[in-house]
Every structure is written in C-alpha cells, then in structure tokens.
Amino acid sequence: MADKELEQKLIVGSKIKIGEKYSAWNGFRQGEIITLVQGEFEYENGLYTEAQCAPSIWCEDRSEFDSIYHLFGNDLEEFQDCEVVFVPPMADKGSFQFPMHRPVSENDWPEDFKHDNGNYNNTCLRCEAKFVGHKRRVLCKVCDNPQLTGE
Ligand SMILES: [Zn+2]
C-alpha cells in the first residue's frame with residue numbers, strides 16, 4: 001500500500017525538495033527543487049499498449065518521464081528525507097470540486113460547494129436564474145445581496 005497521505009501531495013504542480021539521503025544515491029542535488037508534471041507512459045501488457053498518466057518529472061538525459069513511483073518506489077517508501085514544499089491549492093480540499101458543467105457565475109454560491117448538498121442546481125425564486133448552491137437555497141447570490149439589488 002502506498003502512503004496515501006504522501007501520495008495525495010505528490011500531484012501535478014507539487015514541488016519537492018530533494019533531501020540529503022535521497023540525493024546521495026539518485027543523482028539529484030541536495031536541496032534541488034523538482035516540480036511534478038503530468039507524465040504519459042505506455043504499458044505493454046502483452047495484448048496491447050495502454051497509455052497511462054502519472055505525476056512525473058521530465059528526465060532530460062533519457063528523454064522520458066520518470067513517474068513518482070519510479071522515483072520514490074511503488075509504495076513511495078523511498079521518499080526518505082525529501083520534502084514536499086508546495087502543493088497546488090486544490091489538493092487540500094479533499095472532496096471539494098467546482099461543478100464541472102459550467103463556469104461559476106455571479107448567481108452561484110461557491111462557498112456552498114464544499115458542503116454536502118452544496119452542489120445543487122437551483123432556480124432562483126426571484127429572478128429565475130439558474131444557480132449552483134446548497135439545496136435549501138431559494139435565492140441566487142445576486143438576489144440575496146441587498147447592496148446589489150438596492151434593497
Ligand atoms: Zn436571483
């Protein structure tokens with residue numbers, strides 16, 4: 001089993017600082033910061049070639065991607081004294097995801113999205129605009145804001 005907590009941090013856009021122990025036998029410089037990019041790999045499974053993606057670094061020498069599992073082991077057990085120094089913000093929010101069907105509009109309640117039942121497609125009782133927010137909301141964000149509507 002891979003270290004799930006660590007695995008969640010090792011995503012595209014994360015920055016990793018190479019530790020002393022790790023650098024000693026992996027050809028990186030101690031203190032070097034590497035940034036993970038989306039790597040594409042082809043796997044031969046005997047029947048067909050399958051393309052897969054994994055967070056990776058680009059290896060100049062060999063002109064190919066090195067995935068985190070190649071760098072740190074299948075269970076990330078070789079991460080050792082390396083340090084994750086930056087994780088893109090979306091990774092912190094667990095299940096939080098913006099609705100993908102359309103961009104956030106001014107009628108939406110983005111602060112609701114992270115809650116259970118916070119991603120409902122609602123229709124505003126007042127202006128009939130479609131908005132995304134908690135399922136119990138009846139007004140869109142525009143109509144709920146007195147400053148904007150002059151109430
Ligand atoms: Zn409205």
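Residues numbered from 1 in each chain as written. Predicted model: local features only at pLDDT ≥ 70, side-chain atom pairs only at ≥ 80, totals over all residues.

Asker: What am I meant to see in the sheet that holds strand β1 (residues 15-17) here?
Answerer: Adjacent strands of a sheet pair through backbone hydrogen bonds, lying either parallel or antiparallel. One open sheet accounts for three strands, arranged β2-β1-β6; its pairing is antiparallel. Two strands in the sheet have a free side with no partner beyond their single neighbour: β2 (33-35) and β6 (83-86). Adjacent strand axes in the sheet meet at a mean angle of 35 degrees, parallel and antiparallel pairs treated alike. In this structure, β1 lies alongside β6, joined through three bridges in antiparallel fashion. From the neighbouring strand, Ile16 faces β6, where its bridge partner is Val84. (Pairing = 2+ DSSP bridges. Helix = DSSP H or I, 4+ residues; strand = E, 2+ residues; numbered from the N terminus. Axes fitted to C-alpha atoms, helices over the stretch in contact; angles between N-to-C directions.)

Asker: In this structure, what is going on with the pairing of strand β3 (residues 37-44)? I would like to understand it.
Answerer: As a general feature of sheets, a regular strand has side chains that alternate between the two faces. With eight bridges joining them, β3 and strand β4 (residues 49-59) adopt antiparallel strand pairing. Bridge pairing in β4 places Gln38 opposite Pro55. Between β3 and β4, which pair antiparallel and follow one another directly, the connecting turn spans four residues, one of which, Gly46, has a positive phi of 100 degrees.

Asker: So what exactly am I meant to see when it comes to the environment of Phe28 here?
Answerer: For Phe28, the location among the structural elements is in the loop between α2 (20-26) and β2. Among the residues examined, Phe28 registers 19 C-beta atoms within 10 Å and is labelled partly exposed. A sequence separation of ten residues divides Phe28 from Ile18, and the C-alpha atoms of the two residues are 7.1 Å apart. Dropping the residues within four chain positions of it, Phe28 is found in contact with Ile18, Tyr22 and Ser23. (Buried ≥ 20, exposed ≤ 12 C-beta atoms within 10 Å, placed from the backbone. Contact = placed C-beta atoms within 7 Å.)

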